[in-house]
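Structural overview
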Amino acid sequence: MRTASLAAALLLSVLPPVLAPQAQAAPAQKLDANLVLLEVRLGNQLLSDAVTGYEIGRDVYLPLGEMARLLTLAIRVAPGEGRASGYILSEERGFSVDVPGRVADIEGRREELDRAQFKLQSDDIYVASKLMARWLPVDLDLDMSSLALKVRPREQLPMQARLARRERGSQPGTPGGYIDPGYPRLSTPYRLADTPFIDQTLSLSSSKTGGRRQTEAAYAAYLTTDLAGMEAALYASRNRHDPDAGLRLTLGRHDPDAGLLGPLQARTALFGSVQVPGMANVASSSPTGNGAVLSNRPLNQPTSFDRHTLQGALPPGWDVELYYNDALVGFQQSRGDGKYSFEDQPLAYGPNEFRLVFHGPLGQLRVERQSFLLEHSAVPRGALYYDLAAHRDRFGQPRALAQFEWGASDWLNATGGWQRLALPDGAQRSYANLGLRSYWKGMIGTLDAVQGDDGGKLAQLGVKTRLGQVALTASRARLDKFSSEFFMPGADPVRVRDEVRAEGVIAPGGNSFYPLALQLRHDRLASGVRNLDLQGRVAAYRDGIALSNTLRWQSLGGQDLGDGLFQVSRRVAGIGLTGQLQYLIAPDTGLGSAAVAADYTLNDGYLLNLGLTRVFQDRELRLTGALNKSLGSYGLGVNAFYSNRHEYGLGVQFFMAMGWEPRAMRLSTDAQPMANMGAASIRVFLDKNLNGLMDDTDEPIAGAGFTVNGANYLTRTDAAGLAYLARLPAHQHTDIGVDPGTLDDPQWQPSVPGVRIVPRPGKVSQIEFPVAVTGEVDGTTYLYANGARRAIGDLRLEVVDGKRKVVASTVSAADGYYVITGVFPGDYFLRVAPDQLKRLGLTDTGMHLITIGREGTVLNGRDLDVREGDG
């Protein structure tokens, strides 16, 4: 129960962002209730979207080894021993930690350790963030409300130096971020029918409001699965007080590689309950209705040129906050159709970071992020993107759209299309549109024209650019007898509309930064009357305290209206505090409502919530409280409220998400939703006969770990060699690989380092990772010159198969010694790299034929000789 969200809902009702995989429980059960998954950022670079931490008391414990890897620091961790060693930035700055011995040596300084600042887990050594920041050359800013960790280096890290070199040399790659490893694609076949994933909520409540006593029971379920060779999503609810309760079914497919419907190369093909996108200046997106959608627009791009719609499943009792570039811009509570929808959020030139923060009725917290660079969303030269959609909206009115975007050149896109809808007065209206988008030297210019079937016309000219840290958007539209959902027909219609929007961040240094936004809309009506709408927002963040203030001022036909919302949040010693104040400026000055809420995490996953809300106009004061269990296999909560009007209520809620693990043949249950995400069942085994299949002679491998999109994943395989990876982001390329460092034998190597899958909701992808015993070969490289033979270094040695494909390589040391490890069983040739011989003017004396057996052969003393010229 989140009463602080009430004031936000009051104001936002009148005012006009690669999902992070969820890790399974750590071995130490006492820490389960404190486990959090953090997004780690260095400036604008996403280092990882799922680093495991533990929130304990006033601090968060972070994995030392994983943080060192992300920050490219030469520190290695032995979790089983509780020790770590290496150096910081240079070998002269040594780093050594011995947790059992309670001693550390940091850059030559010896210090005793407080054992309470460490948590030894099987996967890493977890260190209190404040201690880690003192040891490493970085400041760590934790924002627990959005599960984000921002890293601010005090010294240049190796990854930053590499970034600078790449920028100077225009080298390709994604510095400091995730680099595509090129794993082979593994498809997950569709089935005629499959076992669904289910998110379900059961609630019972009794209350006295408005002088009436009532008791209510409600049930809602969201199911996802394969059905008839397609993805299926079904929402069903039963609630006698909700007219929207009922059924909502969607069938279809998504493919990020545009492999649907043959020559149409579609990425989305759906029917049932679907969304119809909007058209600028004509209509907003229609989030729900029975119909069909067909589109080849990339799934990781905005839903239209300069607007983006965010929508998805929202179980009963949940609410969701939308943050845009770190500022709160929207709030929605669960509704009868089980969805949330933020339609047509405007995009600015430069980064557009959306963050959805979901709050469950039992204290659950989940964060999703989406990010776009508007200047990178241009349609490639020669490509054609299309959106075709039609449905009957929630008012029972038909709505249809056909939109096309064509890449005329590298810097010019052309757009065109048609839309039909019913206006609020019931009239059916059709519109045709044409437009141009010009991407040129840090600026996007737009030209749009729309004409209705009644002869009304609109022409708009716009520009988007960026000045320093501020994104600017400006446009002017001229209208001639034009009406739509945005320009309602009337006796005094709009003739000219000018809009200016500015968004940016002021960062004076230290831990402070101030997101700012300003929007001005000026309408000139046919009578000459001018209407003005001014909205502004300023926020401040420092030392874990977040403040924001939103203002709106309108002048409509000479009448002034103004209101605002002030918000503050702070997390101290495990206690979350939030407060909001909604106030009025014009025509009267006064207070609208105020709310304050606090939550505190108790032992064993229980969460205590208390809240107080005051609505000043009605003079109502309401106290709310809840005790919830939000972790484990189910969620259970008891909540109550009481107001000074002698109204009161008591309720009980039960939540359980369920999914079937097909390989282990077991039911997985959780207190967090899972139906809108994918999962993977992975088996790791020692492939003794090298056939890539798990046979009777093969052995399962326990304790194997994985990486997901480059980030280490907490889950390990069990005694049967199985691991279950839950909550994988749906409809996105996801790279899953075995972490060789987690295998017990250093000679064990996965036959395939990883695979790329596209998870889909309610489906478990089954992945096999055979592991082979590899061998190694060592020796010395020599140079014959002037009748003498001497060791020579810096020669590149290669192991090649029968097709002369390089399978392993290394460079000999200064004394000529080399060792090549991780060679899979088979017959190979060992040689000096031919291109290096040619470049140095050397010749070799031939290749070695080597054989690595199934048990991992070790070949010693395989020396290679080279000569100068032909001598």
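Residues numbered from 1 in each chain as written. Predicted model: local features only at pLDDT ≥ 70, side-chain atom pairs only at ≥ 80, totals over all residues. Heavy atoms only, no water.

**Things to note about the overall build of the chain**
Scanning the chain from terminus to terminus reveals five helices and 62 strands. For the chain, the exposed surface amounts to about 40200 Å²; the carbon and sulfur share of it is 54%. (Helix = DSSP H or I, 4+ residues; strand = E, 2+ residues; numbered from the N terminus. Areas by Shrake-Rupley, 256 points an atom, 1.4 Å probe, with all protein chains shown as cover.)

**Quick word on the packing of aromatic side chains**
The tally for this structure, following the rule as stated, stands at eleven aromatic pairs. Between Phe95 and Trp135 the ring centres are 5.7 Å apart and the planes differ by 80°, which places this aromatic pair in the edge-to-face class. Remark: Trp135 occurs in helix α3 (residues 129-135) and Phe95 occurs in strand β6 (residues 94-98); sequence separation between them is 40 residues. Trp135 matches Phe95 in its accessibility class, with the two residues each being buried. The rings of Phe95, Phe118 and Trp135 are connected pair by pair, giving a single aromatic cluster. Over the face of the ring belonging to Tyr190 we find Arg760, whose NZ or CZ atom lies 3.7 Å from the ring centre. One Lys or Arg, Arg789, reaches over the ring of Tyr782 and ends 3.6 Å from the middle of that ring. (Phe/Tyr/Trp six-rings, centres within 6.5 Å; stacked < 30°, edge-to-face > 60°. Buried < 20%, exposed > 50% of the residue type's maximum accessible area, 1.4 Å probe, protein only. Lys NZ or Arg CZ within 6 Å of the ring centre and 35° of its normal.)

**Side note on the nonpolar core**
Soluble, globular proteins show a tendency: their nonpolar side chains are buried together. In terms of nonpolar packing, the biggest core is built from 42 residues, with Met67, Phe95, Val97, Phe118, Trp135 and Leu140 touching the most fellow members. Those residues in contact with Phe118 that sit more than four places away from it in its chain are Tyr61, Val97, Val99, Leu113, Ile125, Tyr126, Val127, Leu131 and Trp135. Membership of the second largest hydrophobic core comes to 22 residues, among which are Leu686, Tyr713, Ile767 and Val773. (Core = buried A, V, L, I, M, F, W, Y, C linked by side-chain atoms within 4.5 Å. Contact = heavy atoms within 4.5 Å.)

**A short note on the confidence of the model for the chain**
Of all residues in the chain, 90% attain a pLDDT of 70 or more, and the chain-wide mean is 85. Here residues 1-31 is modelled with pLDDT under 50, and outside its nearest four sequence neighbours on either side it reaches 105 contacts, counting other chains as well. Note on residues 165-177: pLDDT is under 50 here. Beyond four places in sequence and across chains, it has 14 contacts. (pLDDT = per-residue confidence, 0-100.)

**Quick word on a nonpolar patch on the surface**
Where nonpolar side chains cluster on the molecular surface, the patch consists of Ile575, Leu577, Tyr600, Leu602, Tyr606, Leu608, Leu610 and Leu627 and spans about 650 Å² of accessible area. Listing elements by their share of the nonpolar patch, those giving two or more residues are β37 (575-586) and β39 (606-615). Ranked by the residues each element gives to the nonpolar patch, the list is headed by β39, at three residues. The residue Tyr606 is located in strand β39 in this model. (Patch = residues over 30% accessible without salt bridge, like charges linked within 9 Å, V, L, I, M, F, W, Y side chains within 5 Å. Salt bridge = Lys/Arg side-chain N within 4 Å of Asp/Glu carboxyl O.)

**A few points about the pattern of salt bridges**
According to the stated counting rule, one finds 43 salt bridges in the structure shown. Arg369 is paired through a salt bridge with Glu39; the nearest N and O atoms lie 2.8 Å apart. Note that Arg369 is positioned in strand β24 (residues 365-373) and Glu39 in strand β1 (residues 35-42), a separation of 330 residues in sequence.

**Focus: the environment of Ala449**
Summarising the element assignment, Ala449 is placed in strand β29 (residues 443-452). Owing to a relative accessible area of 37%, Ala449 belongs among the partly exposed residues under this scheme. Along the primary structure Ala449 and Asn433 are separated by 16 residues, whereas in three dimensions their C-alpha atoms are 5.6 Å apart.

**Points about unusual backbone geometry**
Here Ala586 and Pro587 are connected by a cis peptide whose omega angle stands at 5°. Within the secondary structure, Pro587 sits in the loop between β37 and β38 (590-601). Phi at Asp344 is positive, roughly 55°, even though this residue is not glycine. Mapped onto the fold, Asp344 is located in strand β22 (residues 339-346). Residue Asn786 is not a glycine yet carries a positive backbone phi of 55°. Within the secondary structure, Asn786 is located in the loop between β53 (775-785) and β54 (788-791). What makes Asn786 exposed here is its relative accessible area of 80%.

**Quick word on the sheet that holds strand β60 (residues 848-852)**
Spatially, the four strands line up as an open sheet ordered β56-β55-β58-β60, and their pairing is antiparallel. Each having just a single partner strand, β56 (806-811) and β60 make up the two edges of the open sheet. Each adjacent strand pair in this sheet contributes to an overall mean axis angle of 25°, direction not counted. In terms of strand pairing, strand β58 (residues 826-832) meets β60 through five bridges, oriented antiparallel. (Pairing = 2+ DSSP bridges. Axes fitted to C-alpha atoms, helices over the stretch in contact; angles between N-to-C directions.)

**Concerning the sheet that holds strand β5 (residues 83-87)**
What links the strands of a sheet is backbone hydrogen bonding, and the strands pair in either a parallel or an antiparallel sense. The strand order β4-β5-β6-β7-β8 describes an open sheet built from five strands, whose pairing is antiparallel. What marks the edges here is a single partner per strand, and that holds for β4 (75-78) and β8 (109-112). The sheet shows a mean angle of 10° between the axes of neighbouring strands, direction not considered.

**Comments concerning the environment of Tyr541**
With respect to the secondary-structure elements, Tyr541 resides in strand β34 (residues 530-542). Assessed through its relative accessible area of 16%, Tyr541 is described here as buried.

**Quick word on the side chain of Thr717**
Looking at the secondary structure, you find Thr717 in the loop between β47 (711-713) and β48 (722-728). Looking at Thr717, its side chain comes within polar contact range of the main-chain nitrogen of Ala704, at 2.9 Å. If sequence neighbours within four positions are ignored, Thr717 has contacts with Val684, Ile701, Ala702, Gly703, Ala704, Phe706, Leu722 and Ala723. (Polar contact = N/O pair within 3.5 Å; in protein donor to acceptor, adjacent residues only side chain to side chain.)

**Describing the pairing of β48**
Where burial is concerned, most of β48 is hidden: seven out of the seven residues are buried. Sheet analysis places strand β44 (residues 678-686) next to β48, joined by five bridges and oriented antiparallel. Bridge pairing in β48 places Ser681 opposite Tyr724.

**Looking at the pairing of strand β49 (residues 734-739)**
Here β49 lies mainly inside the structure; five of its six residues are buried. Both strand β46 (residues 705-708) and β49 contribute to a ladder of four bridges, which runs antiparallel. Bridging from a neighbouring strand, Phe706 pairs with Val738 of β49. Both β49 and strand β51 (residues 754-757) contribute to a ladder of four bridges, which runs antiparallel. When the sheet's bridge partners are listed, Ile736 is paired in β51 with Val755.

**Notes on the environment of Arg41**
Among the secondary structure elements, Arg41 is positioned in strand β1. Along the chain, Arg41 and Leu149 lie 108 residues apart, while their C-alpha atoms are 6.4 Å from each other. If sequence neighbours within four positions are ignored, Arg41 has contacts with Leu46, Leu47, Leu149, Lys150, Val151 and Glu353. Polar contacts involving the side chain of Arg41 include one to the side chain of Glu39, which spans 3.3 Å.

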